[in-house]
Amino acid sequence: MPPRGSRGPLPPLLLVWALAACAARASEITFELPDNAKQCFYEEIAQGTKCTLEFQVITGGHYDVDCRLEDPDGAVLYKEMKKQYDSFTFTASRNGTYKFCFSNEFSTFTHKTVYFDFQVGEDPPLFPSENRVTALTQMESACVSIHEALKSVIDYQTHFRLREAQGRSRAEDLNTRVAYWSIGEAIILLVVSIGQVFLLKSFFSDKRTTTTRVGS
Amino acid sequence: LALYFHIGEREEKCIIEDIPSDTLVVGNYKVQRWDIHIRDFLESAPGLGMFVTVSSPSGEVLLSKLYGPQAMFSFTSYHTGEHIICFQSNSTRIAVIAGSKLRIHLDIRVGEHFLDESVIQAKDKVNEINVRLEHLIEQIHHVTKEQDYEREREEKFRKTSEETNSNILWWAIAQTLILISVGIWQIKSLRDFFIAKKLV
């Protein structure tokens, strides 16, 4: 999570007002979604705020989930079935509680681990221009560019971590499946071959000890 | 505290945090109970609390406490790996009334170092930059820690893939050998059988 932007030397009251006006929040949660379950999250958003919802399935089954985003009136803003990863940006058209749900109802026995990141609002500028008379000093603009670069580093890091977790989960699944399948196949092979021989032998022997002569 | 979700009264809800060691995690929550009479969530319900349980990747419990309806909790991870943070209300009602649920507001921050805003207020510009730079350095350290952890995980991933690869190879060879040897045994055994039975 990127650090909350730090402000210049504003008087405390203005600081509070600035915080309230452009409240940028980001919530990211990784949770487990059991099979046949649906989990909804709600967030109150002010009108005109630009929001981004991003989600990714990390483990489980075919690594896909249904996702649905609704506005306070119930109108569906975003709806996708069986998606592995997606990112959706929208601007809130009205005040109210927005709701987004993840559904694993199509799956009968695999539970999924889902990660989502819901970003509300833009980050406030590091050096707000309300009280400024001059342009940003070199030091300040260096700070701003470092801040932006670090934010994108953290963003890439999160994406990479999730993709690696997903790849690792698939690799571990594959490993277990290969092990069990190979052992199973070897056992079946042995059992069937030995069984064949004994079955054939039994065709040619009678219950009584008389030998049968088969015409050549 | 903006994001919220609903759970049943006796339900336990867990979230997973995959973090490196020595990372501070701070969580903020607020819980409200649904009241059937006013058909809305109560602003505060007396006696309502939440059990917060944090388990480390090895299974040991790092934190297990009962908090009130609104609280902040924090823990520092000792090991790298998936830590599980679970919430469960302390509601003791056995017969759960239909339609009763809890609303949990949640905010979890991982690895953040908090900027002391009062120090920023100091008029000294150099001091301010100093503090900001120190804050920045702490954040970069956290990024580096995450990257180290990522390297560990990628190594484990690679090992698993290589193990799968050699598993496939050896099992294929083993099965071919079993196939050939069992085939030879079959023919030999049947031939001896038919010779013994004077059919050949």
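Looking at an unreviewed UniProt entry, one finds chain B named TMD11 protein, with Pardalotus punctatus as its source organism.

Chain A is annotated in an unreviewed UniProt entry as Transmembrane emp24 domain-containing protein 7 of Pardalotus punctatus. Its UniProt record, at the heading Sequence similarities (unreviewed entry), says of chain A: "Belongs to the EMP24/GP25L family." Word for word, the UniProt comment on chain A under Function (unreviewed entry) is "Potential role in vesicular protein trafficking, mainly in the early secretory pathway. Appears to play a role in the biosynthesis of secreted cargo including processing and post-translational modifications."

A. A look at the domain arrangement of chain A. Residue and element names in this part refer to chain A. Taken as a whole, chain A is organised into domain 1 (26-122) and domain 2 (137-203). The three residues of domain 1 that bury the most area against domain 2 are Gln56, Ile58 and Tyr63, which together make up 53% of that side's buried surface. Taken together, the links from domain 1 to domain 2 amount to zero salt bridges. Across the domain 1-domain 2 interface, the total number found is five residue pairs in polar contact (both at pLDDT 80 or more).

B. Focus on the confidence of the model for chain A. For chain A, mean pLDDT is 81; residues scoring 70 or higher make up 84% of the total. Contacts of residues 1-22 of chain A to residues separated by more than four positions or lying in other chains number 38 contacts, the stretch itself having pLDDT below 50.

C. Region of the structure containing the state of the cysteines. All told, the structure shown has two disulfides over all chains when counted by the stated rule. Bridging Cys40 of chain A to Cys101 of chain A, the disulfide has an S-S length of 2.1 Å. Its S-S torsion of about 105° marks the bond between Cys40 of chain A and Cys101 of chain A as right-handed, since a negative value means left-handed. Residue Cys40 of chain A is located in strand 2 (residues 38-45), and its partner Cys101 of chain A is located in strand 7 (residues 96-103); the two are separated by 61 residues in the primary sequence. Comparing Cys40 of chain A with Cys101 of chain A, the two get one shared label, buried. A disulfide bridge connects Cys14 of chain B with Cys86 of chain B, and the sulfur atoms are separated by 2.0 Å. Because the sign of the S-S torsion sets the handedness, a value of about 105° for the bond joining Cys14 of chain B and Cys86 of chain B places this disulfide among the right-handed ones. One end of the pair, Cys14 of chain B, is in strand 2 (residues 12-19); the other, Cys86 of chain B, is in strand 8 (residues 81-89), and 72 residues separate them in sequence. Look at Cys86 of chain B and you get buried, because its relative accessible area is 9%. Cysteine Cys67 of chain A shares no disulfide, and the gap to the nearest cysteine sulfur, in Cys101 of chain A, comes to 8.2 Å. Exposure remark for Cys67 of chain A: the relative accessible area of 1% places this residue in the buried category.

About the cut-offs
Residues numbered from 1 in each chain as written. Chains lettered and ligands numbered in written order. Predicted model: local features only at pLDDT ≥ 70, side-chain atom pairs only at ≥ 80, totals over all residues. Heavy atoms only, no water. UniProt positions renumbered as here; feature names shortened; annotations may be inferred. Domains from an automatic or database assignment. Buried area = accessible area lost by both parts, 1.4 Å probe. Salt bridge = Lys/Arg side-chain N within 4 Å of Asp/Glu carboxyl O. Polar contact = N/O pair within 3.5 Å; in protein donor to acceptor, adjacent residues only side chain to side chain. pLDDT = per-residue confidence, 0-100. Contact = heavy atoms within 4.5 Å. Disulfide = S-S within 2.5 Å. Helix = DSSP H or I, 4+ residues; strand = E, 2+ residues; numbered from the N terminus. Buried < 20%, exposed > 50% of the residue type's maximum accessible area, 1.4 Å probe, protein only.

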